[in-house]
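Working through the structure, step by step
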Amino acid sequence: MCGGGAVTDSRAGETEAREALRPHAEDAFADELRALAAADDRPRPERWRLSPWAVSLYLLGGELPDGTVITPKYVGPRRLVEVAVSTLATDRALLLLGVPGTAKTWVSEHLAAAVSGDSTLLVQGTAGTAEEAVRYGWNYAQLLAHGPSRDALVPSPVMRAMAEGRTARVEELTRIPADVQDSLITVLSEKTLPVPELGEEIQAVRGFNLIATANDRDRGVNELSSALRRRFNTVVLPLPETAEAEVDIVARRVDQIGRSLDLPAASDGAAEIRRVVTVFRELRDGVTADGRTKIKSPSGTLSTAEAISVVTGGAALAAHFGDGVLRAGDVAAGVLGAVVRDPSSDTVVWQEYLESVVRERDGWKDFYRACREVSA
């Protein structure tokens, strides 16, 4: 009877994962992770689901001996992924640093899924994140009734990861107040979390590590103390090096998101994806792709993640209100919304770019007209 219940619970869990609007990485790519685990005959650190080699293959993509195709989760320098994975195999924590939209969260989630099989031990950093979210809290009903006890203690994701030998994640570390950030110092240096109310401590077991993400260009950031920064190995994730790489990333993610949302497939979208990426890269770099014309940059970051959002929105418009073909009119409003974040300054930048660059570009008349229409 117990075995039957376990099977039922497992199937119910798989059904829930399929029905989730945004499945966790370990659910969305469960087949790939199982295939990798079966083919992986290399040494694995204690409590790791895969060897470091297999974790890198999961992130970068490839093909297994049995023909199973592992889709790339990150398109970028191989060495950065290898450094990140090897860091997690040591006692050093990993800090993924980069401007907004460089896939820090995406890489963090997939690393945790491949290493621990669980990407949900997450602390989401905000200006209001309290120390309890990083250390532990209390069930106050239990606390008032019986005083401090293990039953009254509410472990944080970090504490759970320490006790279970898993990978914890802290997103947007620099958005967390500085005094709360520093509560991680003892965890990362001594691998222990004191609980003075109980006269105890939680010691990290083998397999525990922590991945944090941060950026230093966004507003409202709190600089990391030198003491905390020393506890991390830092890997800087760059923006895609070439337009071709960025187009590939956007196309892959739009396809994945569309399938997860059951969006009708919009055909012939490659041209519009390339246009969106070209506009974003030129405005981001302050120069046209041919290097001939300098242009002003808007206040926003115009990241790859924003390009993915613009194209996904355009694909939904084309599928539900058009003829299924992704056209300039489907992405124009999204491009305008991404570029013009500060109406007082960005509107001027956008109008100058539209008239001096887009208007004069061969084959872009439809895009120019669509952008003029939504900008009016």
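Source: prediction; values computed, not measured. (Residues numbered from 1 in each chain as written. Predicted model: local features only at pLDDT ≥ 70, side-chain atom pairs only at ≥ 80, totals over all residues. Heavy atoms only, no water.)

Here we come to the overall build of the protein chain. On a plain count of helices and strands, the protein chain comes out with 18 helices and 11 strands. Here the C-alpha radius of gyration of the protein chain, 23 Å, is about what a compact globule of 376 residues would show, namely 21 Å. In the protein chain, which comprises 376 residues, the share counted as buried stands at 45%. In the protein chain, of all internal contacts separated by at least 6 residues, the share reaching a separation of at least 24 is 71%. Counting only carbon and sulfur atoms, one obtains 51% of the accessible surface of the protein chain, whose full area is about 18700 Å². The positive charge centre, built from 43 side chains, and the negative charge centre, built from 54, are 4 Å apart in the protein chain. (Helix = DSSP H or I, 4+ residues; strand = E, 2+ residues; numbered from the N terminus. Rg over C-alpha atoms; globule rule 2.2 N^0.38 Å. Buried < 20%, exposed > 50% of the residue type's maximum accessible area, 1.4 Å probe, protein only. Contact = heavy atoms within 4.5 Å. Areas by Shrake-Rupley, 256 points an atom, 1.4 Å probe, with all protein chains shown as cover. Lys, Arg positive; Asp, Glu negative; His and termini not counted. Charge placed at Lys NZ, Arg CZ, Asp CG, Glu CD.)

Turning our eyes to something else, we now look at the sheet that holds strand β4 (residues 122-124). Read from one edge of the open sheet, 5 strands run β4-β7-β10-β3-β11, paired in parallel fashion. Looking at the sheet topology across the chains shown, the edges are occupied by β4 and β11 (232-236). Sheet twist, expressed as the average angle between the axes of neighbouring strands with direction ignored, equals 15°. Relative to strand β10 (residues 209-214), strand β3 (residues 93-97) runs parallel, the two sharing 4 bridges. Pairing of leucine 96 across the sheet is with threonine 213, part of β10. Contacts from helix α5 (residues 78-88) reach β3, β10 and β11 within the one sheet, and its direction differs from that of β11 by about 165°. (Pairing = 2+ DSSP bridges. Axes fitted to C-alpha atoms, helices over the stretch in contact; angles between N-to-C directions.)

The tendency in soluble globular proteins is for nonpolar side chains to be buried as a group. Ranked by size, the top nonpolar core spans 37 residues in total, and within it Val279, Phe280, Leu283, Val335, Trp350 and Phe367 carry the most contacts. At the level of secondary structure, the elements contributing two or more residues to this core comprise α13 (243-260), α14 (270-285), α15 (304-321), α16 (328-339), α17 (343-358) and α18 (365-375). For this core, the leading source of residues is α16, giving 7 residues. In contact with phenylalanine 280, not counting residues within four places along its chain, are Leu302, Ser303, Glu306, Ala307, Val310, Val335 and Ala338. By size, the runner-up hydrophobic cluster in this structure holds 34 residues, among which are Val123, Val187, Leu198 and Ala212. (Core = buried A, V, L, I, M, F, W, Y, C linked by side-chain atoms within 4.5 Å.)

Time to look at the pairing of strand β7 (residues 167-171). Counting buried positions along β7 gives 5 out of 5 residues, so the element sits mostly inside the fold. Neither face of β7 is exposed, since Thr167, Arg169 and Glu171 on one face and Ala168 and Val170 on the opposite face are all buried. As paired elements, β4 and β7 share 3 bridges and run parallel to each other. Bridge assignment links valine 123 to a residue of β7, and that residue is valine 170. Bridging between β7 and β10 involves 4 bridges; their strand directions are parallel. Following the sheet pairing, alanine 168 is matched in β10 by leucine 210.

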